[in-house]
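# Working through the structure, step by step
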Amino acid sequence: MKILVIEDDKSIAELERDYLEINGYECDVAYDGTSGFEMAMSNDYALIILDVMLPGMDGFELCVKLREKKNTPIIFLSAKKDDIDKIRGLGLGADDYITKPFSPNELMARVKSHISRYERLTGNDAEQNRVLKIRGLEIDKDGRRVFINGEEKTMPAKEYDLLLFLAENPNRVFSKEHIFDRIWGMDALGDVSTVTVHIRRIREKIELDMDHVQYIETVWGVGYRFKG
């Protein structure tokens, strides 16, 4: 289970990450609002811990943008202690507001509580979302299997990961560089041209008409977009 921490103070971010990992969670960290938003949109997190005072995009603005797209639990963790800030944060859609300095044990208790509550509320939906269905395409997340109009298509690991990443983020344009970093990792050997090769192979398996694609389209000069 993975949690996103968006915090510009690296010492606090590292403290949060340490306690989260001690309690069995995976943790990603972003140090500004813009990169935090991109990470939140590109991954499925169980919960987001969000500071208010952030460079690039402040926490309040970020919370509003996140709530337009996701229902992931959000906990504000901020040095802003005024009641008006707490009221504003909760009014914008956050699930909780904790002021600094904070008790790590209290933070962990609230993290677990909000994740548990969210899972109870969305249990049925979460189970259904284990299979993505987009027109004639089905992606079985648990089995890592892909079907097109009921016929299974064999896909190597990277093809599957790339298809799932795009399908879970429909109507968003991703550059080849972003896709390469996301699927192969920033330290991977190779170059972004492998993205083009993998997109072509995926299309050959799921597109019925390569001249009129219905799933993965090329946005010339920018990258690729999955048609939702």
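Every value quoted in this text rests on a predicted model; they were computed, and no experiment measured them.

### Section: the overall build of the chain
- What the chain contains, in helices and strands, is 8 helices and 12 strands.
- A principal-axis box enclosing the C-alpha atoms of the chain has dimensions of 60 × 35 × 30 Å.
- Every one of the 228 residues in the chain was classed for burial, and the buried ones make up 43%.
- Expressed as a percentage of contacts within the chain between residues at least 6 apart in sequence, the contacts between residues at least 24 apart total 55%.
- Carbon and sulfur atoms form 47% of the exposed surface of the chain, whose accessible area is close to 12,200 Å².
- Side chains of the chain carry 33 positive and 42 negative charges; the gap between the two charge centres is 3 Å.

### Quick notes on the pairing of strand 11 (residues 216-219)
- Note: strand 11 against strand 12 (residues 223-226), 4 bridges, orientation antiparallel. Bridging from a neighbouring strand, glutamate 217 pairs with arginine 225 of strand 12.

### As for helix 6 (residues 157-167)
- Extensive coverage of helix 6 is indicated by the burial of 8 of its 11 residues.
- Of all the positions in helix 6, only Glu159, Tyr160, Leu162, Leu163, Leu164, Phe165, Leu166 and Ala167 are classed as buried.

### Describing the sheet that holds strand 4 (residues 74-78)
- Strands sit in the order 2-1-3-4-5 across an open sheet of 5 strands; the sheet is parallel. Of all strands in the sheet, those with a lone pairing partner are strand 2 (26-30) and strand 5 (96-99), marking the two edges. Averaged over all pairs of adjacent strands, the angle between their axes in this sheet comes to 20 degrees, without regard to strand direction.
- When strand 3 (residues 47-50) meets strand 4, the two strands line up parallel, connected through 3 bridges.

### Quick look at the pattern of salt bridges
- Under the criterion given, the structure shown has 15 salt bridges.
- Taking the shortest distance from any N to any O, the salt bridge between aspartate 96 and arginine 110 comes out at 2.9 Å. One end of the pair, aspartate 96, is in strand 5; the other, arginine 110, is in helix 5 (residues 104-128), with 14 residues separating them in the sequence.
- Between arginine 145 and glutamate 152 there is a salt bridge, with its nearest N and O atoms 2.8 Å apart.
- Judged by relative accessible area, arginine 145 falls into the partly exposed class, the value being 35%.
- With relative accessibility at 38%, the residue glutamate 152 sits in the partly exposed group.

How each quantity is defined
- Residues numbered from 1 in each chain as written.
- Predicted model: local features only at pLDDT ≥ 70, side-chain atom pairs only at ≥ 80, totals over all residues.
- Heavy atoms only, no water.
- Helix = DSSP H or I, 4+ residues; strand = E, 2+ residues; numbered from the N terminus.
- Buried < 20%, exposed > 50% of the residue type's maximum accessible area, 1.4 Å probe, protein only.
- Contact = heavy atoms within 4.5 Å.
- Areas by Shrake-Rupley, 256 points an atom, 1.4 Å probe, with all protein chains shown as cover.
- Lys, Arg positive; Asp, Glu negative; His and termini not counted.
- Charge placed at Lys NZ, Arg CZ, Asp CG, Glu CD.
- Pairing = 2+ DSSP bridges.
- Axes fitted to C-alpha atoms, helices over the stretch in contact; angles between N-to-C directions.
- Salt bridge = Lys/Arg side-chain N within 4 Å of Asp/Glu carboxyl O.

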